[in-house]
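A look at the structure
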Amino acid sequence: MTAIYMAVRKRFPNVSRRALRIAVKAGGTEIAGKGKEITFKILSTSTFDKEPPKVQCEGFDLRIYRWTQAMIFAIEEINNDPALLPNISLGYRILNSCASPTNALRAALTLASGAEEAKATSHCPPAISALIAESGSSQSIAVAGILGPFHMPIISYFSTCACLSDRTKYPTFFRTIPSDYFQAKALAALVKHFGWQWIGAIQSDNDYGRNGILAFKEEVEKFGVCVAFVASVLRTYTRDEFLEVVEIIKQSSVKVILAFSVDGDFYPLMQEIVNHNITGIQWISCVAWITSSRTSTPEMYRSFGGTVGFVMQKMAIPKLKPFLTSINPYTDPNAPFVRDFWEIMVGCTPVLPGVHAVTDDTKKRCTGNETLMNSEDDFFNVTQLRVTYNVYKAVYAIAHALHQLVFCQPVGAQTVNPCLNLTDIQPKEVSKILQRVNFTNQFGDEVFFDENGDPPASYDVINWQLINGKVQHVTLGHLSFAANGDYKLSIEDEKIVWRTGKTVPTSVCSNVCPVGTRKAQIQGKPICCFDCVPCADGTIANSTGAADCTPCPKEYWSNDRKDECIPRTIEFLKYHEPMGIALTLVSLLGASLSLATMVVFINYRETPVIKASNFELSSLLLFSLFLCFLCPLTFLGRPTVWTCMLRHTAFGVTFALCISCVLGKTIVVVTAFKATFPGNKIAGKFGHAQQRIIICSCTLIQIVICILWLTLNPPYSHMLFTYSNKMIVLECNTGSQAAFYAVLGYIGILAIICLILAFMARKLPDNFNEAKLITFSMLIFCAVWITFVPAYISSPGKFTVAVEIFAILSSAFGLLICIFGPKCYIIFLKPEKNTKKHVMGKIIK
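What you see is a predicted model, and the numbers here were worked out from it, not measured in a lab.

**Overview of the overall build of the protein chain**
- Looking only at helices and strands, the protein chain features 24 helices and 24 strands.
- Relative to its 845 residues, the protein chain shows a buried fraction of 52%.
- Excluding contacts between residues fewer than 6 apart, the proportion of contacts in the protein chain whose partners are at least 24 apart in sequence is 70%.

**A closer look at the state of the cysteines**
- What the rule picks out here adds up to nine disulfides.
- Disulfide pairing places cysteine 509 opposite cysteine 529 at an S-S distance of 1.9 Å. Between cysteine 509 and cysteine 529, the S-S dihedral sits near 105°, and the bridge is therefore right-handed. Of the two residues, cysteine 509 sits in the loop between β15 (487-491) and β16 (517-521) while cysteine 529 sits in the loop between β16 and β17 (530-534), which places them 20 residues apart along the sequence.
- Given the relative accessible area of 27%, cysteine 509 is considered partly exposed.
- Taking relative accessible area as the criterion, cysteine 529 reaches 2% and is therefore assigned buried.
- Residue pairing for cysteine 552: its cysteine sulfur links by disulfide to cysteine 565, the two sulfurs lying 2.0 Å apart. When the S-S torsion is -90°, as for the bridge of cysteine 552 with cysteine 565, the disulfide is left-handed. Of the two residues, cysteine 552 sits in the loop between β19 (550-551) and β20 (556-558) while cysteine 565 sits in strand β21 (residues 565-567), which places them 13 residues apart along the sequence.
- The exposure class of cysteine 552 is buried, given its relative accessible area of 13%.

**Some remarks on the pairing of β15**
- When strand β14 (residues 470-481) meets β15, the two strands line up antiparallel, connected through five bridges. When the sheet's bridge partners are listed, phenylalanine 481 is paired in β15 with tyrosine 487.
- Hairpin remark: β14 followed by β15, antiparallel, with five residues in the connecting loop; positive phi at glycine 485, about 95°.

**Comments concerning a nonpolar patch on the surface**
- A surface patch of nonpolar side chains, amounting to about 560 Å² of accessible area, comprises Leu700, Ile703, Val704, Ile707, Leu708 and Leu712.
- Mapping leucine 712 onto the fold places it in helix α19 (residues 688-712).

**Comments concerning the sheet that holds strand β5 (residues 173-175)**
- Overall, parallel pairing links the three strands, which are arranged β3-β4-β5 in an open sheet. Every other strand in the sheet has two partners, leaving β3 (131-132) and β5 as the edge strands with one partner each.
- As paired elements, β3 and strand β4 (residues 154-156) share two bridges and run parallel to each other. In the strand pairing of β4, isoleucine 132 is matched with isoleucine 155.

**Side note on the side chain of threonine 325**
- Structurally, threonine 325 can be placed in helix α10 (residues 320-325).
- We classify threonine 325 as buried; its relative accessible area is 7%.
- Polar contacts involving the side chain of threonine 325 include one to the main-chain carbonyl oxygen of proline 322, which spans 3.1 Å.
- Those residues in contact with threonine 325, other than ones at most four positions away along the chain, are Leu372, Met373 and Phe380.

**Structural notes on the confidence of the model for the protein chain**
- Mean pLDDT over the protein chain works out to 83, with 87% of the residues at or above the 70 mark.
- Here residues 39-44 scores under 50 on pLDDT; set against residues more than four positions off or in separate chains, the count is 28 contacts.
- Low pLDDT (under 50) marks residues 117-122, which in the prediction has nine contacts with non-local residues, meaning those over four places away or in another chain.

**Focus: unusual backbone geometry**
- Following alanine 133, the chain continues into glutamate 134 via a peptide bond in cis, with omega recorded as -15°.
- Within the element layout of this structure, glutamate 134 appears in the loop between β3 and α4 (137-147).
- Positive phi outside glycine occurs at asparagine 87, with the angle close to 65°.
- Among the secondary structure elements, asparagine 87 is positioned in the loop between α2 (62-79) and α3 (101-113).

**Concerning the environment of glutamate 241**
- Structurally, glutamate 241 is set in helix α7 (residues 239-251).
- Sequence separation of glutamate 241 and leucine 269 is 28 residues, and the distance between their C-alpha atoms is 9.5 Å.

**Looking at the pattern of salt bridges**
- Summed over the entire model, instances satisfying the criterion amount to 19 salt bridges.
- Close ionic contact of aspartate 378 with lysine 470 constitutes a salt bridge, the shortest N to O distance being 3.8 Å. Pair noted here: aspartate 378 is in the loop between α11 (338-346) and α12 (387-407) and lysine 470 is in strand β14, with a separation of 92 residues, a long-range link.
- Between aspartate 445 and lysine 393 there is a salt bridge; the shortest N-O distance is 3.7 Å. On the criterion of sequence distance, the pair formed by aspartate 445 in the loop between β11 (438-440) and β12 (446-448) and lysine 393 in helix α12 is long-range, its members being 52 residues apart.
- On the basis of relative accessibility, which here comes to 11%, the residue lysine 393 falls in the buried class.
- Salt bridges sharing common partners tie together Asp61, Arg63, Asp263 and Arg294.

Thresholds applied
- Residues numbered from 1 in each chain as written.
- Predicted model: local features only at pLDDT ≥ 70, side-chain atom pairs only at ≥ 80, totals over all residues.
- Heavy atoms only, no water.
- Helix = DSSP H or I, 4+ residues; strand = E, 2+ residues; numbered from the N terminus.
- Buried < 20%, exposed > 50% of the residue type's maximum accessible area, 1.4 Å probe, protein only.
- Contact = heavy atoms within 4.5 Å.
- Disulfide = S-S within 2.5 Å.
- Pairing = 2+ DSSP bridges.
- Patch = residues over 30% accessible without salt bridge, like charges linked within 9 Å, V, L, I, M, F, W, Y side chains within 5 Å.
- Areas by Shrake-Rupley, 256 points an atom, 1.4 Å probe, with all protein chains shown as cover.
- Salt bridge = Lys/Arg side-chain N within 4 Å of Asp/Glu carboxyl O.
- Polar contact = N/O pair within 3.5 Å; in protein donor to acceptor, adjacent residues only side chain to side chain.
- pLDDT = per-residue confidence, 0-100.

Below is the structure:
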């Protein structure tokens, strides 16, 4: 993290550019800029019992040093450009913040207030028009927070904390790098793209890391992604603290980890991970370290190979390379940090005239003939500049703002006349103009800031690949944001080199639930950790990873795998099944016996037995029994509206007719018995007409009940789902239970009347006493229908219909056999008894 501060010096507009540069140099105006963490580690600490010592730093970061040189290069380009700030030269001062917010704030105040004394030969007071600072978000927050109320414009090239977009807190803060608000969205989109659900996170223990991870978590949680852990790192941590993070990684089940940290904070942890040979992790990088030369080494590739992440737009600045290779302590011994740079790059300590250098005997002294012109170091590779390009754009943004402020017109206008004295330039005015800056640079890149001081957001997708023994940052995709916040992500997935090879790594807390199961949250764990519970009967999950099981429609049921709804078996009493066949045969047998008996009665209607049993009533009774035997056929087959209405009404009417005929026979027998007493004329009054009236009236009552039933609430086809999960019982709903039991009750009333009358006439003196047969048949009839009710109610499914058919057939056979069996027995087996003498034998005696 390096902060670069640029002081824009006001020069004499009436002096030629060449003369102005001489005046600056001769006057000794310090060309100083401050580079944060050119040295990158703070060594001193305070005990708070005395005045704290000055901050001491160690180390030297070539990446950050190149940023400072890019700033100097851009300033010299501007000073040599006749169209941009003509006759005005820019000066600068570079100071080192050493990655310390406190030190950064001290340096910023020093530059902004001019507290440092200028050299005695200086002709120009240190008037600061803008600052380029800082690379670290924590440092930028400190600097922007303290200088914002003074309207000092600050442009950062590497501070990405979304909090810095708050214009109420940081009204004069600008940056040439997108906010972490967009980076968090981009990283979340990457996680979503590859389907990672269970990831870890490592953050810098500062504003940059904490705010970045917070924004990232908010985004990924929208996609159902869980962050297993968040560990913190910082360059000032002890080794034990880094080892604690290593243990967290080793004990976690995550296979994908996001490192939202700057390279200086993350590098010590990378070393420990390599030392512990942790190689099974797929790393995701933020923009801060993925292209860092310090981290991008073959040694680190052992554990971090295949890292993917986002970086800013890259750009080549061809003219920068000659500038970098021209750095030489012998030509400019007072250049900032040039001695440290030369020692690292050339490998020897320069011996400069008039400069006392303390060197170890082990260090090699330079001969003075060394050169950087043929160096192949990555420091001089200017074809893929990212942060360096951001520094370059920041310098040009300030220059364009100053140009518009001084000349009251944009760069490129034909007439260039100052409209403002340089001594009247105020930082507040510079900030206002910066907010409106909009220009296209020499590389065709549009430079502007939105209302929050942020540039347009776009990123390249980078993948670490080892090519020819060197770690290469291969661009394999791009992500750009629209003005409304929507993004477009394109990645060449097939070209990515993963830590696991060519296969996209997976990272889940729980494996995806297979079809037929659903997620069941484990109490006390994130939503990504779950058990897979089989779907309940009647529900399915036909896709993997289902959160809930979907109920099947009522007509369907789940299969054994619970991944498909299959139609339920529709159950009803069918003709072709064994029970249906048996009942059909018995029904047809009864109907055939009824017809056969009727034929016998017709053939033997003149015989005493037939005459004694009242041929007309017997024939009508046999016809009604024939209908009763056919009635069960309407109970078989698929129930429909018409068959449901037919089966119940046909049953009610035919049995009412049947019992009415039996009632008529019973009354005839009783009246015949009473006619044997002298003076009794009842038999003469109960002839055939009266018998027909009784039968028709009793049957008519049942017909009226059925008509009312069909009119008010008729039976209908109905599906029952309660008997079995895999089966639908298709039955006839009676519609009106009251009507159904009224039909049964009326038949029962007729049967009880018959039973009582027949019981009263059971001791008639005839040899052939029909009252006894009627009594026995009614006992069977009543017993059958009394037992029918509980059996009907308790029988499941199609067996309900079978019970009803069985009751109909049983009662019909009871009537047929009990009433007509003895007569057929006499006719066929005992013809000698088929005489009037035998029939009336007891009476004669």
